[in-house]
Amino acid sequence: HCYINVPANDSVASKKELSLSQIECISKQSVNLGALWCLVTGGEPLLRRDFPDIYLSLRKKGLLVSVFTNATLVNKNIVKLFKEHPPRDIEVTVYGVTKETYESVTKKRGSFKAFIRGLNLLLDSKIRVRLKAVALRSNLKELPEISEFCRKKTKDYFRFDPFLNLRFDGNQSRNQEIISQRLSPEEIVAIERADYERFSVLKKTCKKFVVSESDQNKRRYIFCCGAGSSSFSVSPEGYFRLCSLLWQPDCVYDLKKGSLKKAWNKFVPVIRRMRLASGESLIRCHECSIIDLCMWCPAQSYLETGEMNSLVEYFCKIALKRNELLRNDEKQ
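Remember, it's a predicted structure, so these values are computed and weren't measured experimentally.

(A) Quick look at helix 5 (residues 99–106). Listing the buried residues of helix 5 in full gives Thr101, Tyr102, Glu103 and Val105. Where helix 5 is buried, its residues contact helix 6 (111–124). Phi for lysine 107, located one or two positions after helix 5, is positive at around 60°.

(B) The packing of helix 2 (residues 20–32) against helix 3 (residues 51–60), seen in detail. Contact pair helix 2 / helix 3: the axes reach a minimum separation of 10 Å and the direction vectors enclose 20°. Here helix 3 runs roughly parallel to helix 2, going by the angle between their axes. For the pair helix 2 and helix 3, the crossing hand works out as right-handed. Across the interface between the two elements, Leu20, Ile23, Glu24 and Ser27 from helix 2 touch Asp53, Ile54, Ser57 and Leu58 from helix 3.

(C) Broad picture of the sheet that holds strand 7 (residues 239–241). Taken in spatial order, the 3 strands make up an open sheet running 6-7-8, and their pairing is antiparallel. Of all the strands in the sheet, just strand 6 (233–234) and strand 8 (253–254) have a single pairing partner and so form its edges. Taken strand by strand, helix 12 (residues 260–272) contacts strand 7 and strand 8, and its axis lies near 35° from that of strand 7.

(D) Region of the structure containing a nonpolar patch on the surface. There is a patch of nonpolar side chains on the surface, built from Leu36, Trp37 and Leu64 and spanning about 340 Å² of accessible area. Relative to the elements of secondary structure, leucine 36 occurs in the loop between helix 2 and strand 1 (37–40). Residue class for leucine 36 comes out exposed when judged on its relative accessible area of 63%.

(E) Region of the structure containing the sheet that holds strand 5 (residues 158–161). If you trace the 5 strands from one edge of the open sheet to the other, you get 1-2-3-4-5, paired in parallel fashion. Edge positions in the sheet fall to strand 1 and strand 5, since each has one partner strand and no second. Across the sheet, the mean angle separating the axes of adjacent strands is 20° when strand polarity is ignored. Most of the contacts of helix 7 (residues 143–153) go to strand 5, to which it runs at about 145°, and overall it touches strand 4 (129–134) and strand 5.

(F) Focus on unusual backbone geometry. Of the consecutive residues glycine 42 and glycine 43, the connecting peptide bond is found in the cis state with omega at 10°. Tracing the backbone shows glycine 43 in the loop between strand 1 and helix 3. One non-glycine residue, lysine 126, lies in positive phi territory at about 65°. Assignment of secondary structure puts lysine 126 in the loop between helix 6 and strand 4.

Conventions we followed
Residues numbered from 1 in each chain as written. Predicted model: local features only at pLDDT ≥ 70, side-chain atom pairs only at ≥ 80, totals over all residues. Heavy atoms only, no water. Buried < 20%, exposed > 50% of the residue type's maximum accessible area, 1.4 Å probe, protein only. Helix = DSSP H or I, 4+ residues; strand = E, 2+ residues; numbered from the N terminus. Contact = heavy atoms within 4.5 Å. Axes fitted to C-alpha atoms, helices over the stretch in contact; angles between N-to-C directions. Parallel < 35°, antiparallel > 145°, perpendicular 65-115°, else oblique. Left-handed = near helix turned anticlockwise from the far one by under 90°. Pairing = 2+ DSSP bridges. Patch = residues over 30% accessible without salt bridge, like charges linked within 9 Å, V, L, I, M, F, W, Y side chains within 5 Å. Areas by Shrake-Rupley, 256 points an atom, 1.4 Å probe, with all protein chains shown as cover. Salt bridge = Lys/Arg side-chain N within 4 Å of Asp/Glu carboxyl O.

Listed below in structure tokens is the structure:
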């Protein structure tokens, strides 16, 4: 489920990452273009030994900075940094609330102890922390306990995500592992129905996810989402994308060879103007009134099929089950 999944000691991957000076250059350009907020995520951002320097550099440029972490590398120095220079927010992923479940996900001995230690350091220091979980085959039975643990630990909010992205590098053996960890559409709908807060929000907002006929007729552009309209993503290697999931080669711009201003003002509009060719199978998705219940998007389609314009049956089945759940609830 992670955006970057390579070993922590992968020296080849580390050498490809942007240097501190390159990060400072890109962030300066983004501020000059009007950026207000920045999310630092990974992988695990605290693996960077220069993380404090990166974080302070972003803060000193006036950016509101958020950090996503699993908390296993949080120590007193990191807590001191966050106390003196508060982040906009910190989100911590909870893989499980028992050693057995947590480490069945991480595959790393001692990671549960490190997670509890790091999380407690943050919470004891009164730093605002948001907690979240990924619903996997490995932690499905523990999800109620994970939910209870998270809601007791934070006064903000807890959320979980049942969608597992396939790998950006297309590694087929690892992708099969990911697919084996995915929950069935029936299981996803069942856990959403059982979570009172999540289901209440879904019921309250479900009409926003049903597209009217007039809107359906406008869906002839490949990108109908907000990607590239008010935000962008930069990979550790310096590749600019409209969103963090978008790795189709034609939709990637190398900031080491060009400016952020050119990427934003010239490159993004070209991508946003991409249109569907008549007769493409994707028109079935774009004309579907419940497309937003399945969370289909061109980036996900590319990861799943190698094409940005392909239907993903798994997502479609989830949308149909969600819609069925909402319609049945209305009748009760």
